[in-house]
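Chain by chain, the residues run as shown.
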Amino acid sequence: MDQIPILKIGDCLLVSIQVDMHDRLAMELQDQLTQRIVATRARGVMIDISALEIVDSFIGRMLNDIAAMSRVLDAVTVVVGMQPAVAITLVELGLKLEGVRTALDVDKGLALIRRVIDGGEDPVDRREG
Amino acid sequence: MIVEKDEAVPVRVGDDVVRARQAVRALATAAGFSLVDQTKIITAASEIARNTVDYGGGGDLRLELLRDGGRRGVRLTFTDQGPGIADVEQALKDGYTSGGGLGLGLGGARRLVGEFAINSSPGRGTKVTLTRWK
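Residues numbered from 1 in each chain as written. Chains lettered and ligands numbered in written order. Predicted model: local features only at pLDDT ≥ 70, side-chain atom pairs only at ≥ 80, totals over all residues.

J.: How should I be thinking about the overall build of chain A in this particular structure?
T.: What chain A contains, in helices and strands, is four helices and five strands. Secondary structure elements of chain A occur, N-terminal to C-terminal, as β-β-α-β-α-β-α-β-α. In terms of overall size, chain A behaves like a compact globule, its C-alpha atoms giving a radius of gyration of 14 Å where 129 residues would be expected to give roughly 14 Å. In terms of its C-alpha atoms, chain A occupies a principal-axis envelope of roughly 35 × 35 × 25 Å. Relative to its 129 residues, chain A shows a buried fraction of 34%. A fraction of 76% describes how many contacts in chain A between residues 6 or more apart in sequence connect residues 24 or more apart. (Helix = DSSP H or I, 4+ residues; strand = E, 2+ residues; numbered from the N terminus. Rg over C-alpha atoms; globule rule 2.2 N^0.38 Å. Buried ≥ 20, exposed ≤ 12 C-beta atoms within 10 Å, placed from the backbone. Contact = placed C-beta atoms within 7 Å.)

J.: Looking at this model, I keep getting lost on the pairing of strand β2 (residues 59-68) of chain B. Mind explaining?
T.: For a regular strand, the rule is simple: side chains alternate between the two faces of the sheet. Residues and elements named next belong to chain B. Pairing of strand β1 (residues 2-11) with β2 involves nine bridges; the strand directions are antiparallel. Its bridge partner lying in β2, I2 is registered against R67. Counting the residues that bridge the hairpin from β2 to strand β3 (residues 71-80) gives two residues, and of these G69 lies at a positive phi of roughly 65°. (Pairing = 2+ DSSP bridges.)

J.: Which parts of the structure should I look at to understand the nonpolar core?
T.: Side chains of a nonpolar character, in soluble globular proteins, are inclined to be buried together. Core analysis: the largest hydrophobic core is formed by 62 residues, its most contacted members being A:V45, A:I47, B:V24, B:I41, B:A45, B:A49 and B:L130. With seven residues, helix α2 (residues 35-54) of chain B is the largest single contributor of residues to this core. The contact partners of B:A49, leaving out residues within four places of it in the chain, are B:V11, B:V17, B:A20, B:L61 and B:F78. (Core = buried A, V, L, I, M, F, W, Y, C linked by C-beta atoms within 7 Å.)

J.: Sorry, what's going on with the sheet that holds β2(B) here?
T.: Neighbouring strands of a sheet are bound in pairs by backbone hydrogen bonds; such pairs are parallel or else antiparallel. All names here are of chain B. Reading across from one edge, β1-β2-β3-β5-β4 is the order of the five strands in this open sheet, with antiparallel pairing throughout. Here the strands that pair on one side only, and so sit at the sheet edges, are β1 and β4 (115-120). Each strand of the sheet is rotated relative to its neighbour by a mean of 15°, with strand direction disregarded. (Axes fitted to C-alpha atoms, helices over the stretch in contact; angles between N-to-C directions.)

J.: Can you walk me through the interface of chain A and chain B in this structure?
T.: Reports of interface size often rely on the accessible area that becomes lost once the parts have come together. The interface is formed by 19 residues belonging to chain A together with 23 residues belonging to chain B. Element by element, the count of residues in the side of chain A that touches chain B is highest for helix α3 (residues 84-93) of chain A, at six residues.

J.: Honestly, the sheet that holds strand β2 (residues 12-16) of chain A in this entry has me stumped. Any pointers?
T.: Residue and element names in this part refer to chain A. As summarised here, the arrangement of the five strands in space is β1-β2-β3-β4-β5, forming an open sheet in which the pairing is mixed. Strands with a single pairing partner mark the edges of an open sheet, and in this sheet they are β1 (6-9) and β5 (101-103). Here the average twist between neighbouring strands, direction ignored, is 25°. Taken strand by strand, helix α4 (residues 106-119) contacts β2, β3 (44-48), β4 (76-80) and β5, and its axis lies near 165° from that of β4.

J.: Just checking my understanding: could you explain the pairing of β2(A) for this structure?
T.: Residue and element names in this part refer to chain A. Across four bridges, the pairing between β1 and β2 is antiparallel. Pairing of I9 across the sheet is with C12, part of β2. A loop of two residues connects β1 with β2, the two strands running antiparallel in sequence, and G10 in this loop sits at a positive phi of about 60°. As judged from the five bridges shared by β2 and β3, these two strands associate in the parallel manner. Opposite L14, over in β3, you have M46 as the bridge partner. For the handedness criterion, the β-α-β arrangement of β2, helix α1 (residues 23-40) and β3 is classed as right-handed. (Right-handed = clockwise from strand over helix to strand, strands pointing away.)

Okay, structure coming up:
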């Protein structure tokens, strides 16, 4: 059975999506991730989508939902590694990843999570307000 | 205009959406599309394929590789025998959804391709055609 591994690094959870996700797998990931945030008391969640060839409205909604759920659980979500072609397509599709923080790569994503946690910065994306 | 390649894949269950995306990628690559153009048509196809499964009760995708003089294109035709759409104009508006989605499927897909056609009426199913030229 397909499963997307969730790795724990310190107080962060790292998910690297390496497969072309069917919708059910995306929903499972969302469930597992919220459970792991609670179980590990994680403060940050990093989702690496560098291997994703597309982000359609369903995957976009999953990313939004993960960010919203982790915010309620006092964790900040950062999506890293979006391919340029995916970013261009997302904008044209009309998908707004509101409330989802993004960073170019894993290093920058970790630094951003660290800043938010240590700085006590409100994890809600300021672009919303 | 010549149809150089013509194939069909079923779009019945969730996993078929993934297979449909892969089939579209193969065809867009064969048409010589740039990475951005490939990504756009695959994303559009993914939206429509999901509609076919979720709202149309499943259907089929026909994939055609087109040549018109020196240019190549991809034409994707999604057909289902589902309940159909009563108000197509409304369904094309961003934010309109009858399910749990974001309501970007049809309108978003239309923005991602060059030519978009939809034919639907209640009780007669839905046919969506996406065409993109290199």
